[in-house]
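One letter stands for each residue in the lines below.
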Amino acid sequence: VPDERLLHELREIVGAEHVLTEADVRAPFERDWTGRFGGPCTCAVRPSAAREVAAGVRAGAGAHVPIVAQGGNTGLVGGGVPGPSGRPPVVLSATRLDGLGEVDADARQVTVGAGVVLADLQEHAGAAGLAVAVDFAARGSATVGGMIATNAGGIHVMAHGSMRAQVVGLEAVLADGTTISRLSGLTKDNTGYDLSQLLVGSEGTLAVVTAARLRLVEAAVHATAALIGFDDVTDAVAAVRTLRGDVTGIHAAELLFDGGLRLVCEQFGLAPPLPRPAAAYLLVEAAGRTDVTDALAAAIEHLGVAPERTAVAVDAAGRHRLWQYRELLTSAISATAVPHKFDVTVPVSRLAAFVPAVESAVARVAGGVQVVVFGHVADGNLHVNVSGPPPDDEAVDDVVLGEVARFGGSISAEHGIGRAKARWLHLSRSPAEIAAMQAIKRALDPGGVLNPGVLLADLTTS
Ligand code: MLT
Ligand code: ZN
């Protein structure tokens, strides 16, 4: 039964047209991009300013209705959508917090609203001759707030670090409706606990991020991409080490396999990139102020790779063509089934051994399933996608994450814990660390209002 008093309060705060209660209008806010996670919400609310977020959080807390912050809803672990049970939350959509501040070229920084879409931010920074260091395929819908909440990674972490490294300071609303703000852009600021960094990766459980002061990087003048075929993943991993040593400005090194590449070609009607298939592929890109195409070509020759096993692209259209084989993987995988998605890290030195090990582990518990692996090699980050088991069947999750722990890895490299992996947090965090995280959660959100069931499942209060 909708809480009429709460709905009335929310309408007063954001305007009636921004409190969405009809089932079909609510629906897109209630299920995640994968289709695997979701649940009903009381309503979706679209505030346009931090003070509206603060009032909305206070209203929700006062009514004991949980608050789930949501950005572009491109998350892959159920962290930005309601859970299947408990009191239906208010979804606070950040999409109208879309202010783009003027780029500060001296500081190489910009202040933006949490609802700004990554692609728009990239364009904005580009117009000022700068660039956003974090990039990934969902750039057309993912928002800054979600990228902060998950500490998003992507294709350039090897060069610039993840979202955390781009955050100079944040503005955010705490569970009691208080607003904290560090948007002055001071990069040297040793005045106690770094609350902004505490919120990065906190997955909406400690505060609702409303704005961010972000670091920008120099925009590249030239970029060259190369797709290289290898007989096995060991050679591909070794090649990344050689290429990084030989060529300056390598900012992406993506691994894909023949099965995944075929799937993309089938789903999207693309021709294969090389005359003959290879077992494993590396998509590398180098960028900078000078053209490194010759250096990259020489380095690939140095690897001993036959010319017909390499496709090189120097212009934007050619690079886009090569990147499609990598960037369409996520959509190709989801086109036919709801996958179980894993974004794990293992030590780079064990990455090649992990691939067959995780495939065998999956085969032990689920026969006849489709396993598609790809990843960001230099970070030891692999995406394991298993299609076939029903969404609620967690046997595959159990063995994949168990295998990650056995390899000394992390159960989340970039997507976060969300609802998907809360049960397995102990595989990557010690009891002492989890206790400290729970203490922080209790201190900042004693009523368990913000995103219950996400990250720290045990603390669910509703
Ligand atoms: C990617 O690297 O493309 C993203 O992490 C998305 C995914 O894992 O499907
Ligand atoms: Zn990724």
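Data block above holds the structure.
Criteria and cut-off values
- Residues numbered from 1 in each chain as written.
- Chains lettered and ligands numbered in written order.
- Predicted model: local features only at pLDDT ≥ 70, side-chain atom pairs only at ≥ 80, totals over all residues.
- Heavy atoms only, no water.
- Pairing = 2+ DSSP bridges.
- Helix = DSSP H or I, 4+ residues; strand = E, 2+ residues; numbered from the N terminus.
- Axes fitted to C-alpha atoms, helices over the stretch in contact; angles between N-to-C directions.
- Contact = heavy atoms within 4.5 Å.
- Donors = N, O, S within 2.8 Å, 3.2 Å for Na, K, Ca; no water.
- Buried < 20%, exposed > 50% of the residue type's maximum accessible area, 1.4 Å probe, protein only.
- Parallel < 35°, antiparallel > 145°, perpendicular 65-115°, else oblique.
- Nonpolar A, V, L, I, M, F, W, Y, C, P; charged D, E, K, R; others polar.
- Salt bridge = Lys/Arg side-chain N within 4 Å of Asp/Glu carboxyl O.

(A) Local environment of the sheet that holds strand β5 (residues 109-113). Strand order in this open sheet of four strands is β5-β9-β7-β8, and the pairing throughout is antiparallel. Two strands in the sheet have a free side with no partner beyond their single neighbour: β5 and β8 (179-181). On average, adjacent strands in this sheet sit at an angle of 15 degrees to one another, irrespective of strand direction. Note that strand β7 (residues 167-174) and strand β9 (residues 207-215) share seven bridges and pair antiparallel. Pairing of glutamate 171 across the sheet is with alanine 211, part of β9. Helix α3 (residues 50-62) contacts β7, β8 and β9 of the sheet and is inclined by roughly 40 degrees relative to β7.

(B) View of the coordination of the zinc ion (ligand 2). Taken together, the protein donors to the zinc ion (ligand 2) comprise His376 (NE2), His383 (NE2) and Glu414 (OE), at separations of 1.7 to 2.2 Å. Mapping the donors of the zinc ion (ligand 2) onto the primary sequence yields the spacing H-x6-H-x30-E. Of this pair, histidine 376 sits in strand β16 (residues 370-376) while glutamate 414 sits in the loop between α15 (395-406) and α16 (431-444), placing them 38 residues apart in sequence. One exposure class covers both histidine 376 and glutamate 414, and it is buried.

(C) Inspection of the packing of helix α1 (residues 4-14) against α3 at higher detail. Between α1 and α3, the least distance of the axes is 10 Å, while the angle of their chain directions is 170 degrees. Taken as axis vectors, α1 and α3 run roughly antiparallel relative to one another. Facing Leu6, Glu9, Leu10, Ile13 and Val14 of α1, the residues of α3 in contact are Glu52, Ala55, Gly56, Ala59 and Gly60. Of the residues that constitute the contact of α1 with α3, the class distribution is six nonpolar, two polar and two charged.

(D) Region of the structure containing the pairing of strand β4 (residues 90-93). Burial along β4 is two-sided: the residues Val90 and Leu92 and Val91 and Ser93 are all buried. As paired elements, strand β2 (residues 43-45) and β4 share three bridges and run parallel to each other. Looking at β4, one finds that valine 45 is bridged to leucine 92.

(E) Layout of the pattern of salt bridges. Counted according to the given criterion, the structure contains 18 salt bridges. We note a salt bridge from arginine 182 to aspartate 189, for which the minimum N-O separation is 2.4 Å. In this structure aspartate 189 comes out as partly exposed when scored by relative accessible area, which is 29%. Here arginine 309 makes a salt bridge to aspartate 231, at a shortest N to O gap of 3.0 Å. A residue pair is termed long-range when its members are at least 10 positions apart, and arginine 309 in the loop between α11 (293-302) and β14 (310-313) and aspartate 231 in the loop between β11 (222-230) and α9 (233-246) qualify at 78 residues. Taken together, the shared-partner salt bridges connect Arg108, Glu218 and Arg289 into one network.

(F) The arrangement of unusual backbone geometry in detail. With a phi close to 55 degrees, histidine 64 is a non-glycine residue in the positive phi region. Despite not being glycine, asparagine 451 shows a phi value in the positive range, around 50 degrees. On the basis of relative accessibility, which here comes to 2%, the residue asparagine 451 falls in the buried class.

(G) A look at the environment of leucine 303. Its place among the elements puts leucine 303 in the loop between α11 and β14. You can call leucine 303 partly exposed: its relative accessible area is 24%. Apart from residues lying up to four places away in sequence, leucine 303 is in contact with Ala239, Thr242 and Leu243.

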